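Architecture and fold: a report
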Amino acid sequence: MIQRIQTVYLLLVAVLTLLPVFLPVAWFGSAEGQFSLYAFSLQDAAGAGVHSTIYMGIVFVAALVLPLGNIFLFRRRLLQIRLCVVEMVLLLGCVAMELAYYFLAHKAFPVEELQSSGMNALLFLPLVSMLLCFLAARAIFRDEMLVRSTDRIR
């Protein structure tokens, strides 16, 4: 149901998780040129894949699909709360995978060739998504308590 605040939170989680799938997470400058770390590969300036990072992409896609599916489970609030916790674990995995592939990409270049490197702000979007997912779980819990309190009145 779109009028609930947790739906807005879950949609924001999905949008913030979608951005690192298509935009570069980090960049590396070497003597051979500019390289960008995407969710599914490490690419050179021409867009050709140098190394595959398919596992990071799979975790991001799973973290993208879960909140979208969670929106439609509005009648099963306890399951929604559990799926929000699973989403937070997936988002923590996204951060871990991003950092792991960032530091593993450093090893793809010889030390003397790597001139500069940096992380984009997209690297920290899963942390913001974790906060929004927590807020969604809290709002779902409040709805559940409201429903339980009205059942007692009858």
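The paragraphs below set out a description of the structure included in this document. (Residues numbered from 1 in each chain as written. Predicted model: local features only at pLDDT ≥ 70, side-chain atom pairs only at ≥ 80, totals over all residues. Heavy atoms only, no water.)

Here we take up the nonpolar core. Counting 31 residues, the largest nonpolar core has Phe28, Leu37, Leu42, Phe60 and Cys84 as its most contacted members. Mapped by element, the contributors of at least two residues to this core are helix H1 (5-22), strand S1 (26-30), strand S2 (33-37), helix H2 (54-71), helix H3 (77-108) and helix H4 (125-153). Excluding anything up to four places from it in sequence, Phe60 contacts Thr17, Pro20, Val21, Ala39, Cys94, Glu98 and Pro126. (Core = buried A, V, L, I, M, F, W, Y, C linked by side-chain atoms within 4.5 Å. Buried < 20%, exposed > 50% of the residue type's maximum accessible area, 1.4 Å probe, protein only. Helix = DSSP H or I, 4+ residues; strand = E, 2+ residues; numbered from the N terminus. Contact = heavy atoms within 4.5 Å.)

Another aspect to go through is the pairing of strand S3 (residues 41-44). Put simply, side chains in a regular strand alternate between the two faces of the sheet. Here three bridges tie S2 to S3, and the two strands are oriented antiparallel to one another. Following the sheet pairing, Ser36 is matched in S3 by Gln43. If you look at the hairpin formed by S2 and S3, you'll find three residues sitting between the two strands. Where S3 and strand S4 (residues 49-52) come together, three bridges link them in antiparallel fashion. Bridging across to S4, Ser41 finds its partner in Ser52. Once S3 ends, the chain turns through four residues before running back antiparallel as S4, passing Gly47 with a positive phi of about 95 degrees. (Pairing = 2+ DSSP bridges.)

Moving on, we get to the pattern of salt bridges. Applying the stated criterion across every chain, the model contains three salt bridges. Two residues, Glu144 and Arg77, come together in a salt bridge whose shortest N-O distance is 2.8 Å. Residue Glu144 is found in helix H4, and its partner Arg77 is found in helix H3; the two are separated by 67 residues along the sequence. The pair Glu144 / Arg77 is uniform in exposure class, with both members buried. Residue Arg148 is joined to Glu144 by a salt bridge in which the shortest nitrogen-to-oxygen separation is 2.9 Å. Of this pair, Arg148 and Glu144 both sit in helix H4, four residues apart, which is roughly one turn of that helix. Exposure remark for Arg148: the relative accessible area of 39% places this residue in the partly exposed category. Note on Glu144: relative accessible area 9%, which makes it buried. Several salt bridges share partner residues, and in doing so they unite Arg77, Glu144 and Arg148 into one network. (Salt bridge = Lys/Arg side-chain N within 4 Å of Asp/Glu carboxyl O.)

A word on the packing of H1 against H2. It is at 9 Å that the axes of H1 and H2 come closest, and there the two elements cross at 160 degrees. One way to sum up the angle between H1 and H2 is to call them roughly antiparallel. Taken as a pair, H1 and H2 cross one another with a handedness that is left-handed. Of the residues in H2, those touching H1 at Thr7, Leu10, Leu11, Val13, Ala14, Thr17, Leu18, Pro20 and Val21 are Phe60, Ala63, Leu64, Pro67, Leu68, Asn70 and Ile71. A class-by-class count of the residues in the contact of H1 with H2 yields 13 nonpolar, three polar and no charged. (Axes fitted to C-alpha atoms, helices over the stretch in contact; angles between N-to-C directions. Parallel < 35°, antiparallel > 145°, perpendicular 65-115°, else oblique. Left-handed = near helix turned anticlockwise from the far one by under 90°. Nonpolar A, V, L, I, M, F, W, Y, C, P; charged D, E, K, R; others polar.)

Relative to the helices and strands, Gly49 is located in strand S4. On the basis of relative accessible area, Gly49 is assigned to the exposed category, the value being 57%. Separated by 22 residues in the primary sequence, Gly49 and Trp27 have C-alpha atoms spaced 14 Å apart. When neighbours within four sequence positions are excluded, Gly49 is seen to be in contact with Ser41, Leu42 and Gln43.

In the structure shown here, the tally under the stated rule is two aromatic pairs. Between Phe28 and Tyr102, the ring centres sit 5.5 Å apart and the planes meet at 25 degrees, which makes this aromatic pair stacked. Pair noted here: Phe28 is in strand S1 and Tyr102 is in helix H3, with a separation of 74 residues, a long-range link. We classify Phe28 as buried; its relative accessible area is 0%. Between Tyr102 and Phe103 the ring centres are 5.2 Å apart and the planes differ by 75 degrees, which places this aromatic pair in the edge-to-face class. Judged by relative accessible area, which is 7%, Tyr102 ranks as buried. Feature note: the residues Phe28, Tyr102 and Phe103 constitute an aromatic cluster, connected by ring pairs. (Phe/Tyr/Trp six-rings, centres within 6.5 Å; stacked < 30°, edge-to-face > 60°.)

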